[in-house]
Amino acid sequence: TMFEKTFAEMMQVDVTPYLKEREDSKDVKYLPWAACKKLLHDCGAEQVMFWPVPGPDGSTLRKSDTEFTDKSGIKNRCYEVLVHIQVDSLHWETAYPVLNGNNPVKDNTMNQLRLHNAIRRAFVKGVAIRTGLGFHLWLKNGDESEDKAPAEDLASHNIFAIRERMQQQ
C-alpha cells in the first residue's frame, strides 16, 4: 500500500495533545515515538516500522574515526545512529546524533539507553522531515543542534571589540 497524505496535509495534524515536556527543559516539548507511530496509523498508514542500520563494524552506534579532546582533556568521538524508516511503501533513512539533552554524549557517559533514545528520536524527526507530521515542532523551537551558538571563549575576546560593543548599547 501507498501512504497517500501530502506533506502539507500531515503538517496540519494536531500533535499537541501527544506532546511531552523534556525533563531537562520544561519549555521544550517533543513528540514521543509511540505517539508518532499511532498518528501515522490514524492518518491511513497500514505499516509503520523503523530499525537501526548497523555501520560497517556491525554496531548500530556509528562513531567518527577521529578522536577529539575537549577543554577538560577528555577524549571523545562524534556518535550518531542511522535509522531505516518504513511507512507503507515509503522507505528512507535518517541520521541522528546521540545526545544528552542538547549536548553530545561523551565516551565516559555513553550507554545503551542513550543509543536507544537516539534511535527513537531519529524516527520521529525522520517522519517529520519526510511526511510533515510534527514538522512544526522544529519550526517553532528551532533545531537545537543547529540554532545553539557555541559557548564563547572569554579569553579570546579583544578589548577593543568589547569597548565597541559597550558603546553600541
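Preceding block: the structure.
Position numbers for residues start from 1 in each chain and track the written sequence from start to end. A pLDDT threshold of at least 70 governs which residues receive local features in this predicted model, and a stricter bar of 80 or more applies before side-chain atom pairs are shown or counted, although totals over entire chains, interfaces and linings include all residues. Working from all heavy atoms in the structure, the side-chain values ignore hydrogens and water.

A word on the pattern of salt bridges. Between Lys or Arg on one side and Asp or Glu on the other, a salt bridge is scored when a side-chain nitrogen of the former is within 4 Å of a carboxyl oxygen of the latter. Going through the model one piece at a time under the given rule, you end up with 5 salt bridges. In this structure, Asp-42 engages Lys-38 in a salt bridge whose closest nitrogen and oxygen atoms are separated by 2.5 Å. Of this pair, Asp-42 and Lys-38 both sit in helix H2 (residues 33–42), separated by 4 residues, roughly a single helical turn. The exposure class of Lys-38 is partly exposed, given its relative accessible area of 37%. Each helix is a run of H or I in the DSSP string that is no shorter than four residues. Each strand is a run of E no shorter than two, and both are numbered from the N terminus. The buried label goes to any residue with under 20% of its type's maximum accessible area, the exposed label to any with over 50%, and the partly exposed label to all in between, with areas taken from a 1.4 Å probe on protein chains only.

In the sheet, strand S1 (residues 20–22) pairs with strand S2 (residues 25–30) via 3 bridges, with the strands oriented antiparallel. Residue pairing for S2: Arg-22 is matched across the bridge by Ser-25. When DSSP finds at least two bridges between two strands, those strands are taken to pair. Connecting S1 to the antiparallel partner S2 that follows it, the hairpin turn spans 2 residues.

To qualify as a nonpolar core, a set must consist of buried Ala, Val, Leu, Ile, Met, Phe, Trp, Tyr and Cys residues joined through side-chain atoms within 4.5 Å. Leu-31, Leu-40, Val-81, Phe-123 and Leu-133 are the most contacted members of the largest nonpolar core, which has 35 residues in total. When residues in this core are grouped by element, the largest group, 7 residues, is from helix H3 (residues 112–131). The residues touching Leu-133, leaving out its near neighbours within four places in the chain, are Met-10, Val-13, Val-15, Cys-36, Leu-39, Leu-40, Val-127 and Ala-128. By definition in these notes, contact holds between two residues if any of their heavy atoms fall within 4.5 Å.

That's the geometry; what it means functionally is another story.
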